[in-house]
Amino acid sequence: MNITLLSEYLETYPGRDKCLRTLSYMAKFATLGTSSKEIEKKFKIFSSQLSGCRMILRLLDDIPMIHYAMSYGWGKQEPDWLIRWAELMQIAMDTMFGPIEHIYWAGEHKLIKINTEKWDNVSTWFWIISLHLSLFKAALKTVSKQRWNELLTCTRLVLDISYAVSYLPLGTFWGGRLKVWHVGALGTLSSLIGLYQALSKRAEHKRY
């Protein structure tokens, strides 16, 4: 790990998104050790602004997502039919997630008049389903190839699902039951694993 590698990674969209994600969840986690409500509020604002930044950047994700869906097609090049169908379902989920989140974002900022709570819940469900499909694919690859990276991916996705469900309405599984710092701790650990995987992959590619 070196500053050149990190700098090059931060010049990419995925790199900036992962770093913003990590900082956002670290801010949530930091609310655990605050000495006053005022400092806790500042950490929450900081985290919220970073999350908002990521959501705005996702307004541009639709075209790349459609391009990926067209490139993957029916996945006939995928040797494992289970992974193929899981990927196809995830593509469908992620393609629909984008516009749904955009509508929620527009409603939240009073650009259109909608029930923002309902649209937020719908987008959260799409997110959770997509995470489960990612976990399913990673688990299959771990079993078939015994890959350490896929095991890390499974761990990261389990962490993501754990706090993603907490965004659901109270009474739905453990929705609304986790504290801010709980979400921050799970999200921070997941983000750090993701950063480690991404930077390790880039470092490996540089060696070859």
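Predicted, not measured: the structure shown is a model, and the values here were computed from it. Residue indices begin from 1 for each chain and proceed along its sequence in written order. Given that the model is predicted, a residue must reach a pLDDT of at least 70 before its local features are reported, and side-chain atom pairs must reach 80 or more before they are shown or counted; all residues, however, enter totals for whole chains, interfaces and linings. For side-chain calculations, the full set of non-hydrogen atoms in the structure is used, while hydrogens and water are omitted.

Caption draft 1: Structural context of the environment of Gly98. If you trace the backbone, Gly98 turns up in helix α5 (residues 81-108). Residues Gly98 and Lys141 lie 43 residues apart in sequence; the distance between their C-alpha atoms is 27 Å. Numbering of helices and strands starts at the N terminus; helices are DSSP runs of H or I of at least 4 residues and strands are runs of E of at least 2.

Caption draft 2: Structural context of the pattern of salt bridges. A side-chain nitrogen of Lys or Arg and a carboxyl oxygen of Asp or Glu constitute a salt bridge if their distance falls within 4 Å. For the coordinates displayed, the defined rule picks out eight salt bridges. Among the salt bridges present, the one from Lys42 reaches Glu38, with a minimum N-O distance of 3.8 Å. Placement of both Lys42 and Glu38 in helix α3 (residues 37-57) is noted, with a separation of four residues, approximately one turn of the helix. Two residues, Glu101 and Arg58, come together in a salt bridge whose shortest N-O distance is 2.6 Å.

Caption draft 3: Inspection of the packing of helix α1 (residues 3-10) against helix α8 (residues 180-207) at higher detail. One way to put it is that α1 packs onto α8 with a least axis distance of 11 Å and a crossing angle of 110 degrees. In terms of axis orientation, α1 runs roughly perpendicular to α8. When you trace α1 past α8, the crossing you get is right-handed. On the side of α1, the interface is formed by Leu5, Leu6, Glu8 and Tyr9, while α8 contributes Leu195, Ala198, Leu199, Arg202, Ala203 and Lys206. A breakdown of the residues in the contact of α1 with α8 according to their chemical character gives seven nonpolar, no polar and three charged. Between N-to-C directions, angles cover 0 to 180 degrees, with each direction set by a line fitted to C-alpha atoms, over the stretch in contact for helices. Relative orientations are named as follows: roughly parallel for angles under 35 degrees, roughly antiparallel for angles over 145 degrees, roughly perpendicular for angles from 65 to 115 degrees, and oblique for any other angle. Note: crossing handedness is left-handed where the near helix turns anticlockwise from the far helix by less than a right angle, and right-handed where it turns clockwise. Any pair of residues with heavy atoms lying within 4.5 Å of one another is described as a contacting pair. Under the convention adopted here, Pro, Cys and the residues Ala, Val, Leu, Ile, Met, Phe, Trp and Tyr are nonpolar, Asp, Glu, Lys and Arg are charged, and Gly plus all remaining residues are polar.

Caption draft 4: Representation of the nonpolar core within the structure. The term nonpolar core refers to a set of buried residues drawn from Ala, Val, Leu, Ile, Met, Phe, Trp, Tyr and Cys, joined through side-chain atoms within 4.5 Å. Buried residues are those whose accessible area, probed at 1.4 Å on protein chains only, stays under 20% of the maximum for their type, while exposed residues exceed 50% and partly exposed ones sit between those limits. Grouped together as the largest cluster of nonpolar side chains are nine residues: Ile128, Leu131, Ala138, Cys154, Leu157, Ile161, Ala164, Val165 and Leu168. At four residues, the largest contribution of residues to this core is made by helix α7 (residues 148-164). If sequence neighbours within four positions are ignored, Ile128 has contacts with Ala164, Val165 and Leu168. Leu5, Tyr9, Leu195 and Ala198 belong to the second largest nonpolar core, which has six residues in total.

Caption draft 5: Region of the structure containing the domain arrangement of the protein. Each assigned domain of the protein is listed here: domain 1 (1-59) and domain 2 (60-206). The interface is formed by 23 residues belonging to domain 1 together with 29 residues belonging to domain 2. Buried area: the accessible area, evaluated with a 1.4 Å probe, that two parts lose upon being put together, summed over both parts. Counting each side, the surface lost to burial between domain 1 and domain 2 is near 2,400 Å², with a carbon and sulfur contribution of 67%. If you look at where domain 1 meets domain 2, you find two salt bridges. The split of the chain into domains comes from an automatic or database domain assignment.

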